[in-house]
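# Summary of the model geometry
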Amino acid sequence: AAAARKRGAAAGLPVKVTIGVACPIAGSSWFVDSWGAPRSGGRSHKGTDMLAGYGTPLVAMYSGTVRVGSHSLGGRQVYLYGDNGLTYYYAHMADWASGLSTGKRVDRGQRLGSVGDSGNARGTPHLHLGISVQGGSWVNPYPTVRAVC
């Protein structure tokens, strides 16, 4: 059963695709593989929740261009369209870095904002991290962050 669960999107991306990515949290964090876990409204979890102290810096996993926004579920969020063809989704942020705006280029390791509990994460500061191949479906970020954090 465990092997079947790790096929496809649940298996994440091969290491060769994520070479050079940085840990999205510049500080201590704690996380487990919760890909596919049930969520409200019949949804399933399509990311990795990385618990960290409120206000811990969040940084760009790769160089690219950002889109900032807000949503009732994800709260303050950033989509980072990496130069490596991957999209990195940061949700539940406390704030955005000063001057960060849609269309801005960022460098790997540049501050994007801070860990928070916005959206439907009230009371539990964490980063919901999603990763997708640009134009594709979400894949499990756990293997990637386990390797780099």
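Summary of the structure given here. Since this is a predicted model, take the numbers as computed values, not measurements.

Definitions and limits used
Residues numbered from 1 in each chain as written. Predicted model: local features only at pLDDT ≥ 70, side-chain atom pairs only at ≥ 80, totals over all residues. Heavy atoms only, no water. Helix = DSSP H or I, 4+ residues; strand = E, 2+ residues; numbered from the N terminus. Rg over C-alpha atoms; globule rule 2.2 N^0.38 Å. Buried < 20%, exposed > 50% of the residue type's maximum accessible area, 1.4 Å probe, protein only. Areas by Shrake-Rupley, 256 points an atom, 1.4 Å probe, with all protein chains shown as cover. Lys, Arg positive; Asp, Glu negative; His and termini not counted. Charge placed at Lys NZ, Arg CZ, Asp CG, Glu CD. Core = buried A, V, L, I, M, F, W, Y, C linked by side-chain atoms within 4.5 Å. Contact = heavy atoms within 4.5 Å. Phe/Tyr/Trp six-rings, centres within 6.5 Å; stacked < 30°, edge-to-face > 60°. Lys NZ or Arg CZ within 6 Å of the ring centre and 35° of its normal. Disulfide = S-S within 2.5 Å.

### Concerning the overall build of the chain
Across its full length, the chain holds two helices and nine strands. When the helices and strands of the chain are placed in sequence order, the string is α-β-β-β-β-β-β-β-β-β-α. By the compact-globule yardstick of 15 Å for 149 residues, the chain fits well, its C-alpha radius of gyration being 14 Å. For the chain, buried positions account for 45% of its 149 residues. Of the roughly 7,100 Å² of accessible surface on the chain, 53% is carried by carbon and sulfur atoms. Charge separation in the chain, taken as the distance between the mean sites of 15 positive and 6 negative side-chain charges, equals 7 Å.

### Some thoughts on the nonpolar core
One finds Met50, Met61, Tyr88, Tyr90 and Leu112 to be the most contacted residues of the largest nonpolar core, which totals 28 residues. Counting only elements with at least two residues in this core, the list comes to strand S4 (75-82), strand S5 (86-96), strand S7 (111-115), strand S8 (126-133) and helix H2 (142-148). By residue number, the principal contributor to this core is S5, which donates four residues. Those residues in contact with Leu112 that sit more than four places away from it in its chain are Leu58, Val59, Ala60, Val66, Val78, Tyr90, Met93, Asp95, Trp96, Ala97, Leu100 and Val106.

### Some details on the packing of aromatic side chains
The tally for this structure, following the rule as stated, stands at four aromatic pairs. Judged by centre distance (5.9 Å) and plane angle (75°), the rings of Phe31 and Tyr142 are edge-to-face. With Phe31 in the loop between helix H1 (2-5) and strand S1 (48-51) and Tyr142 in helix H2, this pair connects stretches of sequence that are 111 residues apart. Take Phe31: its relative accessible area is 16%, and that puts it in the buried class. You can call Tyr142 buried: its relative accessible area is 16%. Ring geometry for Tyr79 against Tyr89: centres 4.7 Å apart, planes inclined by 40°, an arrangement best described as tilted. Of this pair, Tyr79 sits in strand S4 while Tyr89 is found in strand S5, placing the two residues 10 residues apart along the sequence. When sorted by exposure, Tyr79 lands in the same class as Tyr89, which is buried. In textbook terms, an aromatic cluster arises when at least three aromatic residues are bridged by ring pairs, as seen for Tyr79, Tyr81, Tyr89 and Trp138. In this structure, Arg67 packs its charged tip against the face of Tyr79, placed 4.2 Å from the ring centre.

### A look at the state of the cysteines
Applying the stated criterion across every chain, the model contains one disulfide. Each disulfide pairs two cysteine sulfurs, and for Cys23 the partner residue is Cys149, the sulfurs being separated by 2.1 Å. Measuring the twist about the S-S bond at about 105°, one finds the Cys23-Cys149 disulfide to be right-handed. You can see Cys23 sitting in the loop between H1 and S1 and its partner Cys149 sitting in the segment after H2, a full 126 residues away along the chain. Since its relative accessible area comes to 15%, Cys23 is described here as buried. Judged by relative accessible area, which is 39%, Cys149 ranks as partly exposed.

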